[in-house]
Amino acid sequence: FLHDTAVPRSDPWLLVAVGIGIMAAVAVVVCRPWDLADGFMIGTPVGRDFANLWLAGTLALSGGLDLLVDPAAYEALFARTFAHNPGDTFIYSYPPHSLLFMAPLAMLPLGLAVCIWTLINLACIERSVRLLQADWKIGAAACLSPAALSMVAFGHFGGMLAFLGVYVLTQAERRPLLAGACLALMSVKPHIAAVFGLLLLFTGRWRPLLWAVPATLLLVAASVLAFGIRPWVNFVTWTVPFHSQLVSGSGVGALGMVVSIYAGLLLAGVPGWLAQAAQCAFGILLLAKAVQLLKRHGAEPRPLALVMLASLAALPYVNSYDLAIAAPALTVAIFDRKHPPFLPGWSGWLMWLLPALAIPLGIMRVPLVQPVFALLLLVALFGLRTLPRTSLSRAAPAGP
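All of these numbers come straight from a predicted model, not from anything done at the bench.

> Account for the overall build of the chain, naming residues and giving values.
Each helix and strand in the chain was counted, giving 19 helices and 0 strands. The buried share among the 400 residues of the chain stands at 55%. Within the chain, counting contacts between residues at least 6 apart in sequence, those at least 24 apart form 76% of the total. In the form shown here, the chain has an accessible surface area of approximately 15,800 Å², with 71% of it arising from carbon and sulfur atoms.

> Describe a nonpolar patch on the surface, with residues and values.
A cluster of nonpolar side chains, contributed by Leu177, Leu178, Leu198, Leu201, Phe202, Trp206, Leu210 and Trp211, occupies part of the molecular surface with about 830 Å² of accessible area. When contributions to the nonpolar patch are tallied by element, the ones reaching two or more residues are α9 (176-185), α10 (190-202) and α11 (207-227). Among the elements that line the nonpolar patch, the one with the most residues is α10, at 3 residues. Positionally, phenylalanine 202 belongs in helix α10.

> Lay out the environment of leucine 361 with the relevant residues and their values.
Here leucine 361 is to be found in helix α17 (residues 345-363). Residue leucine 361 is classed as buried on the basis of its relative accessible area of 14%. In this structure the C-alpha to C-alpha distance between leucine 361 and glycine 256, which are 105 residues apart in sequence, comes to 7.5 Å.

> Can you tell me about the packing of aromatic side chains, naming the residues and giving the values?
In total, this model carries 14 aromatic pairs according to the counting rule given. A network of ring pairs unites the aromatic residues Phe50, Tyr92, Tyr94, Trp117 and Phe157 as a single cluster. Lying over the aromatic face of phenylalanine 40, arginine 48 brings its terminal NZ or CZ to 4.6 Å of the ring centre. The cationic tip of lysine 189 hangs over the ring face of phenylalanine 157; the distance from NZ or CZ to the ring centre is 5.7 Å.

> Outline the environment of leucine 99, supporting the account with residue identities and numerical values.
Along the chain, leucine 99 falls in helix α4 (residues 99-106). Sequence separation of leucine 99 and threonine 58 is 41 residues, and the distance between their C-alpha atoms is 9.5 Å. When neighbours within four sequence positions are excluded, leucine 99 is seen to be in contact with Ala56, Gly57, Ala60, Leu65, Tyr92, Pro104 and Phe227.

> Give me the lowdown on the state of the cysteines, citing residues and values where you can.
Each disulfide consists of one covalent bond between the sulfur atoms belonging to two cysteines. Taken as a whole, this structure holds 0 disulfides when the rule is applied. Not engaged in a disulfide, the cysteine cysteine 143 finds its nearest cysteine sulfur in cysteine 124; these two sulfurs lie 9.8 Å apart.

> Before we move on, can you summarise the packing of α10 against helix α14 (residues 272-297) with the specific residues and values?
Direction vectors running N to C along α10 and α14 enclose 50 degrees, while the axes themselves pass 10 Å from each other. Between α10 and α14, the crossing angle belongs to the class labelled oblique. Once α10 is placed against α14, the crossing between them reads as right-handed. Residues Val195, Leu199 and Phe202 of α10 form the contact with α14, whose own contacting residues are Leu287, Ala290, Val291, Leu294 and Lys295. Split by residue class, the contact of α10 with α14 holds 7 nonpolar, no polar and 1 charged.

> An account of unusual backbone geometry is needed here, citing residue identities and associated values.
Only a minority of non-glycine residues have a phi that is not negative, and only a minority of peptide bonds are not trans. With a phi close to 45 degrees, arginine 32 is a non-glycine residue in the positive phi region. Tracing the backbone shows arginine 32 in the loop between α1 (13-31) and α2 (50-62). One non-glycine residue with positive phi stands out, namely alanine 83, at about 50 degrees. As for its position among the elements, alanine 83 is in the loop between α3 (71-82) and α4. On the accessibility criterion, alanine 83 (57% relative accessible area) is exposed.

> Pulling in residues and values, what's your account of the pattern of salt bridges?
In the structure shown here, the tally under the stated rule is 6 salt bridges. A salt bridge links aspartate 35 to arginine 32; its shortest N-O distance comes to 3.0 Å. Arginine 32 gets classed as partly exposed once you look at its relative accessible area, which sits at 29%. Connected via shared salt-bridge partners are Glu126, Arg127 and Arg130.

> Could you give an account of the nonpolar core, naming the residues involved and the relevant values?
Core analysis: the biggest nonpolar cluster contains 105 residues, and Phe50, Leu169, Leu183, Met186 and Met308 have the highest contact counts within it. Per-element tally for this core: the top contributor is helix α15 (residues 301-313), with 9 residues. When near neighbours in sequence (up to four residues on either side) are disregarded, leucine 183 contacts Val168, Ala193, Phe196, Gly197, Leu200, Leu209 and Ala212. Residues Cys31, Phe40, Ala153 and Tyr321 belong to the second largest nonpolar core, which totals 9 residues.

> Could you give me a rundown of the confidence of the model for the chain, with the residues and numbers involved?
Here the chain averages 86 in pLDDT, and 88% of its residues register 70 or above. Element-level pLDDT for the chain is lowest in helix α19 (residues 392-395), with a mean of 40, against a maximum mean of 97 in α9. The model gives residues 1-10 a pLDDT under 50, and that stretch makes 26 contacts with residues more than four places away or in other chains. Contacts from residues 390-400, a stretch scored under 50 in pLDDT, to residues over four places away or in other chains number 31 contacts.

> Could you give me a rundown of the side chain of threonine 239, with the residues and numbers involved?
Residue placement: threonine 239 occurs in helix α12 (residues 230-250). Ignoring any residue separated from it by four or fewer positions in sequence, one finds threonine 239 in contact with Val69, Tyr92, Ser93 and Asn234.

Procedures and definitions
Residues numbered from 1 in each chain as written. Predicted model: local features only at pLDDT ≥ 70, side-chain atom pairs only at ≥ 80, totals over all residues. Heavy atoms only, no water. Helix = DSSP H or I, 4+ residues; strand = E, 2+ residues; numbered from the N terminus. Buried < 20%, exposed > 50% of the residue type's maximum accessible area, 1.4 Å probe, protein only. Contact = heavy atoms within 4.5 Å. Areas by Shrake-Rupley, 256 points an atom, 1.4 Å probe, with all protein chains shown as cover. Patch = residues over 30% accessible without salt bridge, like charges linked within 9 Å, V, L, I, M, F, W, Y side chains within 5 Å. Salt bridge = Lys/Arg side-chain N within 4 Å of Asp/Glu carboxyl O. Phe/Tyr/Trp six-rings, centres within 6.5 Å; stacked < 30°, edge-to-face > 60°. Lys NZ or Arg CZ within 6 Å of the ring centre and 35° of its normal. Disulfide = S-S within 2.5 Å. Axes fitted to C-alpha atoms, helices over the stretch in contact; angles between N-to-C directions. Parallel < 35°, antiparallel > 145°, perpendicular 65-115°, else oblique. Left-handed = near helix turned anticlockwise from the far one by under 90°. Nonpolar A, V, L, I, M, F, W, Y, C, P; charged D, E, K, R; others polar. Core = buried A, V, L, I, M, F, W, Y, C linked by side-chain atoms within 4.5 Å. pLDDT = per-residue confidence, 0-100.

Below, the structure written as structure tokens:
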């Protein structure tokens, strides 16, 4: 299975069609986008969790951000605003400087806002591909990948994070200031920004980090000026402990769509301490391999796919829709016809299709996606065919 058996070069769109077919079946059977009162979607037929982001933005505009740390009141407001089942609970888990980007969208009607949000994220997926490979067909395939479609269904911002992450890893040497600014923007998901910062640090590309710190502080200061200090106090004293408790295993039911090996073990009934130890060992192994690949191949797009996937899998709390962050690089790795394939073919196919299965299996709390994802990564990382060593500077594309 380590031979050159990537997607058949004659018709790579077969894989795209299969992914779209699976996602369409999931949408009809599981998501039921026509049922906005009791179904999976909220407010609009796509962008389930965007309703949470939009409502937080409206609270930021109205000065009601204390509701974000009052679960009962927030759930009641959520149910009233969207005429949705009050049993479907939400927590706004992002740091307050994220509200700088949510508040402008909250000025628009929900339907228009979710359309703009979706188009921006898909555009970022396409531009991420352009940073790696100037081929519009590969960009279109990335936008139609199950990971990207899952991102659209959930209404998250994996497309933006994909562009920022690819820019950070490919332009760190050439444009450290802009790469640092991109890393600062990624801090709206602090754990993901942290792992990308570690990749830069351990590969000796530390200059973007010097720019990322003041840029992040500027975002924090801007949020304090816009919304006051109280949201940050609430975030530190309530939101962070809440998520720590969730990740510690007390909220196992909420981990169904988390793709980490840690979540899979908890869902399988493994004691929390053992799941933590396994995730820690697995994460260190993945990050070590990711650093090795970055040092050896720099910004070469095909190994970069594994670097980004390994970085996500190293974290204990990464949802299936976050795999959209790695979708552009993975699409280039699978579909690029200018280079010989380097992934075991079946692992590339399955990693492409896996996000399509995460929604139904996650809802059913079946711990299958997590071990399969971990196994595929290990096979791909350690079955990676040898590529010539490339320097960081020579491999980095010029970019826009």
